[in-house]
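Residue-level structure breakdown
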Amino acid sequence: QVQLAESGGGSVQAGGSLRLSCQYSGLQGDRNCMGWFRQAPGKEREGLALVDVYGEKLYSASVKGRFTISKDVAENTLYLQMNNLQPEDTAMYYCAAEDDASCYSFKLRAGALPNWGQGTQVAVSS
């Protein structure tokens, strides 16, 4: 089965940076879609970025220009580089994946990927 494990969260000052990592296993199809999502207390889950096997990426408007999604296939690791962090970025961050699938914008908006990690906490102070 598909397994994912996030790491790299922590506490930073506004304007700082973090790089989140997601170690994954079990993706064996010719196609897949992987992404990053977040959820703050009392708020709905928010899609941040998706990447497919061809390296095509989708970003939400709220993080485009600040966050970068990337993948090291040889190391089975998905990354999210987060720059210029703000207090409103405080949330639990999750990686997700769908095997044998393509990425579409509705999957970013709705979080329609079946496999999820346990999350890593990011806290940004002003």
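What this report covers is the structure whose coordinates are included nearby. None of these values were measured; they are calculated from a predicted model.

This next bit is on the side chain of Ser 21. With respect to the helices and strands, the residue Ser 21 is situated in strand β3 (residues 18-25). With residues near it in sequence (within four places) discarded, Ser 21 still touches Ala 5, Glu 6, Ser 7, Trp 36, Thr 77, Leu 78 and Tyr 79.

A complete count under the given rule lists two disulfides for this structure. Two residues, Cys 22 and Cys 95, share a disulfide whose sulfurs are 2.1 Å apart. The chirality of the disulfide connecting Cys 22 with Cys 95 is right-handed, given an S-S dihedral of about 60 degrees. Placement of Cys 22 in strand β3 and of Cys 95 in strand β9 (residues 91-99) is noted, with a sequence separation of 73 residues between them.

Here the focus is the sheet that holds strand β1 (residues 3-7). Strands sit in the order β1-β3-β8-β7 across an open sheet of four strands; the sheet is antiparallel. Each edge of the sheet is formed by a strand with only one pairing partner; in this case those strands are β1 and β7 (67-72). Neighbour to neighbour, the strand axes of the sheet diverge by 20 degrees on average, direction disregarded. The pairing of β1 with β3 spans five bridges and is classified as antiparallel. If you follow Gln 3 over to β3, its bridge partner there is Ser 25.

A few words now on the nonpolar core. Grouped together as the largest cluster of nonpolar side chains are 27 residues, with contacts concentrated most on Trp 36, Leu 80, Met 82 and Tyr 93. Of all the secondary structure elements, the ones that give two or more residues to this core are β3, β4 (32-39), β5 (46-52), β7, β8 (77-82), β9 and β11 (120-125). If near-sequence neighbours (up to four positions away) are discounted, Tyr 93 is found in contact with Glu 6, Leu 20, Phe 37, Arg 38, Leu 48, Phe 67, Leu 80, Met 82, Gly 119, Thr 120 and Val 122. The next biggest cluster of nonpolar side chains, apart from the first, holds seven residues, and it includes Cys 33, Leu 50, Ala 96 and Cys 103.

Here we come to the packing of aromatic side chains. With the rule as written, the count across this model stands at three aromatic pairs. Summarising the aromatic geometry, the rings of Tyr 94 and Trp 116 are spaced 6.4 Å apart at their centres and angled 80 degrees between planes, so their arrangement reads as edge-to-face. Remark: Trp 116 occurs in strand β10 (residues 115-116) and Tyr 94 occurs in strand β9; sequence separation between them is 22 residues. You can call Trp 116 partly exposed: its relative accessible area is 25%. With 6.3 Å between their ring centres and 15 degrees between their planes, Tyr 104 and Phe 106 make a pair best called stacked. A relative accessible area of 48% places Tyr 104 in the partly exposed class. Counting every residue linked through ring pairs, the aromatic cluster contains Phe 37, Tyr 94 and Trp 116. Stacked on the ring of Tyr 79, the Lys or Arg Arg 19 has its end atom at 4.2 Å from the ring centre.

About the cut-offs
- Residues numbered from 1 in each chain as written.
- Predicted model: local features only at pLDDT ≥ 70, side-chain atom pairs only at ≥ 80, totals over all residues.
- Heavy atoms only, no water.
- Helix = DSSP H or I, 4+ residues; strand = E, 2+ residues; numbered from the N terminus.
- Contact = heavy atoms within 4.5 Å.
- Disulfide = S-S within 2.5 Å.
- Pairing = 2+ DSSP bridges.
- Axes fitted to C-alpha atoms, helices over the stretch in contact; angles between N-to-C directions.
- Core = buried A, V, L, I, M, F, W, Y, C linked by side-chain atoms within 4.5 Å.
- Buried < 20%, exposed > 50% of the residue type's maximum accessible area, 1.4 Å probe, protein only.
- Phe/Tyr/Trp six-rings, centres within 6.5 Å; stacked < 30°, edge-to-face > 60°.
- Lys NZ or Arg CZ within 6 Å of the ring centre and 35° of its normal.

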